[in-house]
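The chain contents come next:
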Amino acid sequence: MLEVLRRIVQEVNGARSLDAALATMVLRIRKAMKTDVCSVYLLAPETDRFVLKDTIGLRSSSVGQVSMARGEGLVGMVALREEPLNLEDAPAHPQFRYFEETGEERFSSFLGVPIIHQRRVLGVLVIQQHEKRRFDEGEEAFLVTLGAQLAGVLAHALATGALGKLAGTSGQATFKGVAGSPGVVIGKAFVLSPPADLDSVPDLIPTDIDFEIARLKEAINAVREEIRVAAERLASRISTQEHALFEVYQQMLGDAALGQEVEKRIREGQWAPAALADIVRRHVQYLERVDDDYLRERAADIRDLGRRVLAHLQEEGDSGPIEYPENTILIGHEISPATLGEVPRERLKGLVAVSGSSTSHVAILARAMGIPTVLGMVDLPLSRLGGAPVILDGHRGRLVVRPEHELSVHYSRLIAEEQALSVLLEQEQDLPSVTPDGHVMPLMVNTGLALDAVASLKTRVGGVGLYRTEVPFMMNDRFPSEQEQARLYREQLAGFAPLPVTMRTLDIGGDKDLPYFPIKEANPFLGWRGIRVTLDHPEVLMVQLRAMLRAAEGLDNLRIMLPMVSGIEEVDAALALVNRALIELAEDGVNVSRPSVGVMIEVPAALYQLEALATRVDFFSVGSNDLTQYLLAVDRNNPRVASLYDACHPAVLRALARLAEESKALGMPVSVCGELAGDPAGALLLLGMGFDGLSMNAPSLPRVRAAIRRVSLAAAQGLVSEVLCQPTANQVHGLLLERMQAWELAHLLPPRDHTPRSRQRSGPPASPQATGWRHWPPPGARRP
Ligand code: PEP
Ligand code: MG
């Protein structure tokens, strides 16, 4: 049964369009379950009705004609209850609705299961039979399993299908992901093809057909040569039968086979990589369906050959410099920090990736660079986006493809307003971060990239609250040497001197991989991470500590911070290494005073060891990103659970409030360097809780400063008391929004959803203009 299930899902997955996916679905399910009817109903969001989209067994003329509201008829009942309905005599059920056009009265038994994706009912899958019988437990369980497995595939096909229908027209399609870096941009999609992935080749129209055919032939010849060499090399080690397989490969790649078909596609108007991918996929799908083991094996061979040819095509494409369009919105399965560096900065306007989440490394870098980013777009049809006009909304995690005019106008206005707000905020960026009642809240900056703009912030910040040293390590192809590191660190320390620069020791593991030091684990966030790695490799940590100390010579503005601390032994071991590094350097004649050493509070265990930690270190800094992840047991990179990841969850806020209080009692300075500090409402909460400093990405500084300069410490403390009484994260956000509106600070928050005027239900969209910020009072005009 498992094999049948796997095959059905695979086939549906391989369908070229939504219609093909639905047709495959009903056909295969009816066959597998040996029933008279299999039908699929899908929710039409505009009418909120479940429409019969495909059937085998009912009259095909009823497709698209029959629909039911939630709760109406048996199908509507399955959708409403979100559970299977198994009936022996369906027409006798009081909910049964008869549709003459289906010819349904002939069938007695009925089994319907909902298709649910991310808690939303997408549709209902139904099987029916003439015979009056109840489907057995096994059949019901099988259909439920299929419904659950097909939900994701269908969600993707729905998204792709919607786009397919609209391709080339002025229609739009919207995709949702996880907000990675704020800001709104309008630009052009540039899809990165991962090496040799047949499923993510962008569809492009060739400018020179002869050139495409020539490079296809070259790529095929290169693969034929590779295979010939491989066959020769293996000749003495494999059987004649196995050797014959290489002959089959040569034939498959021969002019009369694959090459000819792909060439035909190119002539029809596809560029070589996409033409190849299409043809290979078609053959693979066909062979996988055949009930013959030998032929099914050949499907894998064709896929492999296809990948090899594609790799050559892409290699060739890569040999020249890639031309990125103006306003590039870079879209890919995954975007690595290195890829980020490949696009000229002035052309790169936004980033979108299928994988990743708001706190994954690329998002952190994007925020530092001020590039709007959306990650975790699991349903994105990459191959159909190349060159399309898009709007990227980094606040809400949306990508709108081929936007309609009204929406473009709305977003253009939003962009203009954001720019105007930036100009306005810029005017107070040299003013101190002090509340109207005179409380100074030092703002610091998070760094990691060698960005000039960051050093130019020197006059506006109290120092660097977090220098992520792993970033330069990630950009390298080996561990940087002590001299190389010292040079980099010196730049940071000198750039900000005499302000303090907090350098975190190498924090790799989790989602931060070094290409030359891969860590493969089942649970990387619970595994070998941060201080655990560096204490196991004292040679790496010692080099880094010596480089930091050496770089601080004569400046003495270095602070060292230890990541991922979960136990006191780790701190003692690290401190011993700091002392050893100081002694070694002194022996070399380099005299540096002992820097302050602090720990990151980001593992919940640290929260319960504050006293012991306080006797050993000089400061605490809260990594709210990891603290949230570990307190809520929510992987910060998993798009499936991204909606559960929330630093404003009552548990996290209570932990933070208590931490601030206890640190104060211990006389320990405590600041926050996670993303919560860069959120204006979050910053006000942290101010009210009593934190001593906030460190954030440079682009977040203006809004946070503006918020702090307009809300008194007393008001922020009042806000904290109210927030801590809220039982859910949603209620916390609701209250924060309410207060921010009352304080006329709502425009500092990300804009909310846009609804076209004709469909607006209540009130205008909360754009900055709508909240009246253009007449925004300067600090002091209102003193909440
Ligand atoms: C954090 O965890 O909040 C933090 C600042 O560190 P990183 O995001 O680099 O893990
Ligand atoms: Mg962390």
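Bear in mind the structure is a predicted one, so any value in this text is a computation, not a measurement. (Residues numbered from 1 in each chain as written. Chains lettered and ligands numbered in written order. Predicted model: local features only at pLDDT ≥ 70, side-chain atom pairs only at ≥ 80, totals over all residues. Heavy atoms only, no water.)

Distances from the magnesium ion (ligand 2) to its protein donors, Glu602 (OE) and Asp626 (OD), fall at 2.0 to 2.2 Å. A residue pair is termed long-range when its members are at least 10 positions apart, and Glu602 in the loop between strand S19 (596-601) and helix H19 (604-607) and Asp626 in helix H21 (residues 624-632) qualify at 24 residues. By the burial criterion, Glu602 is buried, and Asp626 matches it. (Donors = N, O, S within 2.8 Å, 3.2 Å for Na, K, Ca; no water. Helix = DSSP H or I, 4+ residues; strand = E, 2+ residues; numbered from the N terminus. Buried < 20%, exposed > 50% of the residue type's maximum accessible area, 1.4 Å probe, protein only.)

Moving on, we come to the sheet that holds strand S2 (residues 49-56). An order of S3-S2-S1-S6-S5-S4 is seen for the six strands of this open sheet, with the pairing classed as antiparallel. A single partner strand is all that each edge strand has here, and the edge strands are strand S3 (67-69) and strand S4 (85-87). Sheet twist, expressed as the average angle between the axes of neighbouring strands with direction ignored, equals 20°. Where S4 lies against strand S5 (residues 109-117), three bridges are found, and the strand directions are antiparallel. Bridge assignment links Leu85 to a residue of S5, and that residue is Gly112. Where helix H3 (residues 73-81) meets the sheet, its contacts fall on strand S1 (37-44), S2, S3, S4, S5 and strand S6 (120-129), and the angle it forms with S5 comes to roughly 40°. (Pairing = 2+ DSSP bridges. Axes fitted to C-alpha atoms, helices over the stretch in contact; angles between N-to-C directions. Contact = heavy atoms within 4.5 Å.)

A few words on the packing of helix H25 (residues 713-723) against helix H26 (residues 729-742). Two elements in contact, H25 and H26, have axes whose closest approach is 10 Å; the angle formed by their N-to-C orientations is 155°. Judged by the angle between their axes, H25 and H26 are roughly antiparallel. Classified by chirality, the crossing of H26 by H25 is right-handed. When H25 is examined against H26, the residues Leu719, Glu722 and Val723 are found in contact with a partner set consisting of Val732, Leu735, Leu736 and Arg739. For the contact of H25 with H26, the residue count by class is five nonpolar, no polar and two charged. (Parallel < 35°, antiparallel > 145°, perpendicular 65-115°, else oblique. Left-handed = near helix turned anticlockwise from the far one by under 90°. Nonpolar A, V, L, I, M, F, W, Y, C, P; charged D, E, K, R; others polar.)

The strand order across the open sheet built from eight strands is S7-S14-S13-S9-S10-S11-S12-S8, with neighbouring strands paired in mixed fashion. Looking at the sheet topology across the chains shown, the edges are occupied by strand S7 (173-176) and strand S8 (178-181). Strand-to-strand twist across the sheet, computed as the mean angle between neighbouring axes with direction ignored, equals 30°. Note that strand S10 (residues 328-332) and strand S11 (residues 348-353) share five bridges and pair parallel.

To continue, consider the confidence of the model for the protein chain. Of the residues in the protein chain, 87% have a pLDDT of 70 or more, and the chain-wide mean is 86. This stretch, residues 166-170, has a pLDDT under 50; its non-local contacts, to residues over four places away or in other chains, come to 10 contacts. In this model residues 755-771 is a low-confidence stretch, pLDDT under 50, and it forms 18 contacts with partners more than four residues away in sequence or in other chains. (pLDDT = per-residue confidence, 0-100.)

That bond from Ala497 to Pro498 is cis: its omega, 10°, falls within 30 degrees of zero. Structurally, Pro498 is set in the loop between helix H15 (482-496) and strand S17 (501-504). One non-glycine residue, Arg119, lies in positive phi territory at about 70°. Mapped onto the elements, Arg119 comes out in the loop between S5 and S6. Not every positive phi belongs to a glycine, and Ala633 is a case in point at roughly 55°. Looking at the element boundaries, Ala633 is found in the loop between H21 and helix H22 (650-666). On the basis of relative accessible area, Ala633 is assigned to the exposed category, the value being 70%.

Within helix H23 (residues 680-689), 10 of the 10 residues are buried, which leaves the element mostly enclosed by the surrounding structure. Buried within H23 we find Pro680, Ala681, Gly682, Ala683, Leu684, Leu685, Leu686, Leu687, Gly688 and Met689. Against H22, strand S21 (670-672), strand S22 (693-696), helix H24 (701-708), H25 and H26 lie the buried residues of H23. Note on H23: the residue one or two positions beyond its end, Gly690, has a positive phi of about 105°.

Side chains that carry opposite charge are capable of pairing whenever their charged atoms lie near each other. By the definition in use, this model includes 37 salt bridges. Between Glu261 and Arg282 there is a salt bridge, with the nearest N and O atoms lying 3.1 Å from each other. Taken together, the residues Glu261 in helix H7 (residues 255-267) and Arg282 in helix H8 (residues 272-289) connect sequence positions 21 residues apart. Overall, Glu261 belongs to the partly exposed group, its relative accessible area being 26%. One salt bridge in this structure joins Asp393 and Arg396, with 2.6 Å as the shortest N-O distance. An identical accessibility class is assigned to Asp393 and Arg396; each is buried. It is possible to trace a salt-bridge network through shared partners that takes in Glu470, Arg504, Asp507, Arg529, Asp626 and Arg636. (Salt bridge = Lys/Arg side-chain N within 4 Å of Asp/Glu carboxyl O.)

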